[in-house]
Amino acid sequence: MAGNKRVSVRLPLLALAAIALALQLSGLLERADHRVGDWLLARHAASRLPPEDIVVIAIDQRSLEQMIDVAGSWPWPRAIHGELLEGLARFEPKAIAFDLMFNEADRFREESDLYFKDVVAAQENLFMPSALMDSGNLAPLSRLPPSFGAVAGPGADPEAGATLLVPGVLDPASWRGGLINFEADDDGSGRHYRLWKDIGGWRLPSMAPTVAAFTGATLPDRERVRLNWFGQAPATIAYADLFNDLGQAEPRLAPTLRGKILLVAPTAPSLFDLRPTPGPPATPGVHILTTAIANLRTGDWLRDVPSRWPLALLLSAALTVGFKRRASPVRTGVALALASAGLGLAAWGLLRVELYAPVGGALLLGWLAFAVFTVEGQRRERREREATVGLFGRFLDPRVVQGLVESGELDRERRPEAREITILFSDIRGFTTLSETRSPEQVVDLLNRYFTRQVEVIYRHGGTLDKFIGDAVMAFWNAPTESPDHARRAVHAALDMLVALDEFKRELAERGEGLGEFDIGIGLHTGPAVVGFLGSDSRMEYTAIGDTVNLGSRIEGTTKGVARVLVSNSTRDACAGSPELRFTHRGQFKVKGREQPVDLYEPERADEAS
């Protein structure tokens, strides 16, 4: 049995390992981590407010409509941005970054570009975007101006190049800023921000770390960080409102921007700068930039905790232990649900200290392990039920074994135990004479038919067939299932065995197969015994042992010349509440193994006695 248990655990573990490998290769575990992590991040973000000193100057739909008279349709002349920058300069914002590309000259409004170029060159707190392209002509990175911020690392390739969109409208000295490429995970959603892009040993900076460093932040020495989102949009002023405010004699909005970081960016849906993130499914790109700048300035970006496989192994190990201990699937499922909730709460709590622990993949594997073990447990239970039915079918009425196994009353794993039973021994009288007048084949056939009738009687009265000992039968009551009236059942079975024998003899006589002196003697005794599976690893028998069994056999041996059925005093006393039975005292008998004589009684049914 132990070997089978190891196999039953090994097979589901192998299946689970194969499933885990397939899920890992397919990316489903990563997606599960993303789904759960995004849900937790969204709830965590609700408790976080964006910093007040980062303000978005939004080119929203209203600004596009209200600026038509001044700037015309989009894209606006760059002189509009130049006027905005000149007007803001006297209010001394800490930094102004654009999330708009200025890579191509406006051939129809060259004076507008020139004006914008001059305004930008006159200010040192302005940051302009660049972008990496997937295709196009490669530009040598070594020729980028120092203002771009590209850094050649040790062993950098001097011939390295990249396809870049740079703010070519401006003087190279004004190219400070960085890349604004969207950093998407494998599912297309943005959860990280890249601080730099390594190309041939050259580090090309992104916009957020450049702005953060300009404002005094110490940057982490890592290529990208996981963003710690805010539950609200950053402070926002419509571009049109600020532009109009700067045209007033006494501006009211502009003075509030002193010492703040301003991000000029499109937010109107028609300008298509919306990105998928763990927050809103369509997040303005500038909100990603503001979150990255805020995280880098305060250092509260999220640090990854590698938790998927340790948690998955822990859950699988716990489920394996439960499976081996045959824990209830319902209880195991409840425990796993509580563990899942606990892990979710723990992951949510870690977010409060800037730690990100992915638990979705581990929980997916945990529930798959639960499903695998549950299916295997049902298969194991079915196999064991079938084996138990086959095993106990040798001792009990097969018609009732199935129900007893399903109810849990029969368990092949149950250890031998001491309990009170009523033991019955039945032996044939005159068997020697019978065998002398018949061939061996006829004797075997006769015994088989006789035993079949006797066993049917035992089963009918709820008895357990122990074994055949030559031409003798051993049976007992009150095990493996409990029967409070086991003594009464055993006595009735003994009396019906006599009736069955008489009917058998009568049928044989009618066919000319008379049995002559053929008869039986039955002895019964009630007392404690050890009942259970006994034997070696290769052969086990469900049986009863002890002094009660020995005395029952001795009582059967005293029936010769006294009565066909004899019971002990303890069996008679156990039937005291059975008025349908009467017991006649047949005397005291000396039996082997007993110093004191034993009182024996002959039972009969009250209606037959009258």
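Reading guide: rules and limits
- Each chain carries its own residue numbering, running from 1 in the direction its sequence is written.
- For a predicted model such as this one, the threshold for reporting local features is a pLDDT of at least 70, and the threshold for listing and counting side-chain atom pairs is 80 or more; totals across whole chains, interfaces and linings nevertheless cover every residue.
- Heavy atoms from the whole structure form the basis of all side-chain values; hydrogens and water molecules are not counted.
- Numbering goes from the N terminus for both helices and strands, where a helix is a DSSP run of H or I of at least four residues and a strand is a run of E of at least two.
- All radius of gyration figures rest on C-alpha atoms, and the globule criterion is 2.2 Å times the number of residues raised to 0.38.
- It only takes one pair of heavy atoms within 4.5 Å for two residues to be counted as in contact.
- For every accessible area listed, the method is Shrake-Rupley and the probe measures 1.4 Å; residues are considered covered only by the protein chains on display.
- Only four residue types enter the charge count, namely Lys and Arg as positive and Asp and Glu as negative; His and the chain termini do not.
- For the purpose of locating charges, the reference atoms are NZ of Lys, CZ of Arg, CG of Asp and CD of Glu.
- In short, DSSP must find at least two bridges between two strands for them to pair.
- Between the first and last residue of a helix there are one fewer steps than residues, each counted as 1.5 Å, and that sum is the expected span.
- Think of it in three bands: with a 1.4 Å probe and only protein chains considered, a residue is buried below 20% of the maximum accessible area for its type, exposed above 50%, and partly exposed in between.
- Residues belong to a common nonpolar core when they are buried Ala, Val, Leu, Ile, Met, Phe, Trp, Tyr or Cys residues joined through side-chain atoms within 4.5 Å.
- An axis is simply a line fitted to the C-alpha atoms; with a helix, the fit covers only the stretch in contact. Between two such axes, the angle follows the N-to-C directions and lies from 0 to 180 degrees.
- Angular relationships are summarised with four words: roughly parallel below 35 degrees, roughly antiparallel beyond 145, roughly perpendicular across 65 to 115, and oblique for the angles in between.
- When the near helix sits turned anticlockwise from the far one by under a right angle, the crossing is termed left-handed; a clockwise turn instead gives a right-handed crossing.
- Asp, Glu, Lys and Arg are counted as charged, while Ala, Val, Leu, Ile, Met, Phe, Trp, Tyr, Cys and Pro are counted as nonpolar; the rest, among them Gly, fall into the polar class.
- Any residue with an atom within 4 Å of a point lines the site, the site being either a cavity, points on a 1 Å grid over the protein atoms alone where a 1.4 Å probe fits but cannot get out, or a pocket, an open set with protein on both sides within 12 Å along at least 5 of 7 lines.
- Grid points are joined across faces, edges and corners, and a volume is the space filled by probe spheres set on the points.
- What counts as a salt bridge is simple: a side-chain nitrogen of Lys or Arg found within 4 Å of a carboxyl oxygen of Asp or Glu.
- Aromatic pairs are defined between Phe, Tyr and Trp rings, using the six-membered ring for Trp, whenever the two ring centres lie within 6.5 Å; interplanar angles under 30 degrees are classed as stacked, those over 60 as edge-to-face, and all others as tilted.
- Only when the NZ atom of a Lys or the CZ atom of an Arg is both within 6 Å of the ring centre and within 35 degrees of the ring normal do we say a charge sits over the ring.

1. Things to note about the overall build of the chain
Argument step 1. Within the chain, the secondary structure is distributed over 19 helices and 26 strands.
Argument step 2. What you see for the chain is a C-alpha radius of gyration of 46 Å, clearly larger than the 25 Å of a compact globule of 610 residues, by over 25%.
Argument step 3. Projected onto the principal axes, the alpha-carbon positions of the chain cover approximately 135 × 50 × 45 Å.
Argument step 4. Intrachain contacts of the chain at a sequence separation of at least 6 include 77% that bridge at least 24 residues.
Argument step 5. Of the accessible surface of the chain, which amounts to about 30,000 Å², a share of 54% is contributed by carbon and sulfur atoms.
Argument step 6. Averaged over its 68 positive side-chain charges, the chain has a centre that lies 5 Å from the centre of its 77 negative ones.

2. Some thoughts on the sheet that holds strand β5 (residues 151-152)
Paired through their backbone hydrogen bonds, the strands of a sheet run either parallel or antiparallel.
Argument step 1. Within the open sheet, the three strands sit side by side as β5-β11-β10. Their pairing is antiparallel. Because the sheet does not close on itself, it has two edges, and the strands there are β5 and β10 (196-199).
Argument step 2. The pairing of β5 with strand β11 (residues 202-205) spans two bridges and is classified as antiparallel. What sits directly across from Ala-152, in β11, is Trp-202.

3. Notes on helix α5 (residues 78-89)
Argument step 1. End to end, α5 covers 17 Å across 12 residues, agreeing with the expected 16 Å (1.5 Å per residue, within 8%).
Argument step 2. Across the 12 residues of α5, nine count as buried, placing the element largely inside the fold.
Argument step 3. Within α5, the full set of buried residues consists of Arg-78, Ala-79, Ile-80, His-81, Gly-82, Leu-84, Leu-85, Gly-87 and Leu-88.
Argument step 4. Against α4 (68-71), β2 (95-98), α6 (110-121), β3 (126-132), α8 (239-246) and β14 (261-266) lie the buried residues of α5.

4. Some details on the side chain of His-81
Argument step 1. Within the element layout of this structure, His-81 appears in helix α5.
Argument step 2. The class for His-81 is buried, based on a relative accessible area of 3%.
Argument step 3. Each residue touching His-81, except ones within four places of it in the same chain, is listed here: Trp-76, Phe-98, Leu-100, Phe-102, Phe-116 and Tyr-239.

5. With respect to the nonpolar core
Argument step 1. Counting 55 residues, the largest nonpolar core has Tyr-193, Met-207, Ala-208, Val-211, Leu-263, Leu-289 and Ile-293 as the members making the most contacts within it.
Argument step 2. The greatest single-element share of this core, amounting to seven residues, is contributed by helix α9 (residues 285-298).
Argument step 3. Ranked by size, the runner-up nonpolar core spans 48 residues in total, among them Leu-64, Leu-85, Phe-91 and Leu-100.

6. Overview of the packing of α5 against α6
Argument step 1. Close contact between α5 and α6 brings their axes to 7 Å; oriented N to C, the two are set at 30°. Looking at the two axes, α5 sits roughly parallel to α6. The handedness of the crossing between α5 and α6 is left-handed. Here Arg-78, Ala-79, His-81, Gly-82, Glu-83, Leu-85 and Glu-86 of α5 come into contact with α6, specifically with Ser-112, Asp-113, Tyr-115, Phe-116, Val-119 and Val-120.
Argument step 2. Of the residues assigned to the contact of α5 with α6, the class counts are six nonpolar, three polar and four charged.

7. Observations concerning empty space enclosed by the protein
Argument step 1. One pass over the structure, following the stated rule, counts two cavities of 30 Å³ or more.
Argument step 2. Reported here for the second largest cavity is a volume of approximately 30 Å³.
Argument step 3. Every residue lining the second largest cavity is listed: Gly-37, Leu-40, Ala-347, Leu-351, Tyr-356 and Ala-357.
Argument step 4. Split by residue class, the lining of the second largest cavity holds five nonpolar, one polar and no charged.

8. As for the pattern of salt bridges
A side chain with one charge can pair with a side chain of the opposite charge if their charged atoms come near.
Argument step 1. Taken as a whole and assessed by the stated rule, the structure comprises 36 salt bridges.
Argument step 2. Put simply, Arg-203 and Asp-221 hold a salt bridge, and the shortest N to O gap is 3.6 Å. Taken together, the residues span a long stretch of sequence, with Arg-203 in strand β11 and Asp-221 in the loop between α7 (207-214) and β12 (224-226) at a distance of 18 residues.
Argument step 3. On the basis of relative accessibility, which here comes to 34%, the residue Arg-203 falls in the partly exposed class.

9. Considerations on the packing of helix α15 (residues 440-460) against helix α16 (residues 486-510)
Argument step 1. Close contact between α15 and α16 brings their axes to 9 Å; oriented N to C, the two are set at 150°. Considering how the two elements wind past one another, α15 and α16 form a crossing that is right-handed. Judged by residue contacts, Leu-446, Arg-449, Tyr-450, Arg-453, Gln-454, Val-457, Ile-458 and Arg-460 of α15 engage Ala-493, Asp-496, Met-497, Ala-500, Leu-501, Glu-503, Phe-504, Glu-507 and Leu-508 from α16.

10. Observations concerning the packing of aromatic side chains
What characterises a pair of aromatic rings is the spacing of the ring centres plus the angle enclosed by the ring planes.
Argument step 1. On inspection of all chains with the given rule, the structure shows 13 aromatic pairs.
Argument step 2. Ring plane angle 50° and centroid distance 5.0 Å describe the contact between Trp-76 and Tyr-239, whose orientation is recorded as tilted. With Trp-76 in the loop between α4 and α5 and Tyr-239 in helix α8, this residue pair connects regions lying 163 residues apart in the sequence.
Argument step 3. Considering the side-chain rings of Phe-102 and Phe-116, the 4.8 Å spacing of their centres and the 50° angle between planes classify their relative orientation as tilted. With Phe-102 in the loop between β2 and α6 and Phe-116 in helix α6, this pair connects stretches of sequence that are 14 residues apart.
Argument step 4. A connected cluster of aromatic rings, assembled from ring pairs, spans Trp-74, Trp-76, Tyr-239 and Phe-243.
Argument step 5. Against the face of Trp-301 rests Arg-303, its NZ or CZ located 3.5 Å from the ring centre.
Argument step 6. The ring of Phe-323 has Arg-380 lying over it, and the distance from NZ or CZ to the ring centre is 4.2 Å.

11. Some remarks on the layout of surface pockets
Argument step 1. Space inside the second largest pocket adds up to approximately 500 Å³.
Argument step 2. Asp-99, Met-101, Ile-180, Asp-273 and Arg-275 are, among the 21 residues lining the second largest pocket, the residues nearest its centre.
Argument step 3. For the lining of the second largest pocket, the secondary structure elements donating two or more residues are β9 (192-194) and α9.
Argument step 4. Broken down by element, the residue count for the lining of the second largest pocket peaks at three residues, all from α9.
Argument step 5. Considered class by class, the residues forming the lining of the second largest pocket number 14 nonpolar, three polar and four charged.

12. Here we look at the side chain of Thr-558
Argument step 1. Mapped onto the elements of the fold, Thr-558 is located in the loop between α17 (547-557) and β24 (565-568).
Argument step 2. The buried category is assigned to Thr-558, whose relative accessible area is 14%.
Argument step 3. If we ignore the near neighbours within four places in the chain, the residues touching Thr-558 are Leu-566, Val-591 and Leu-600.

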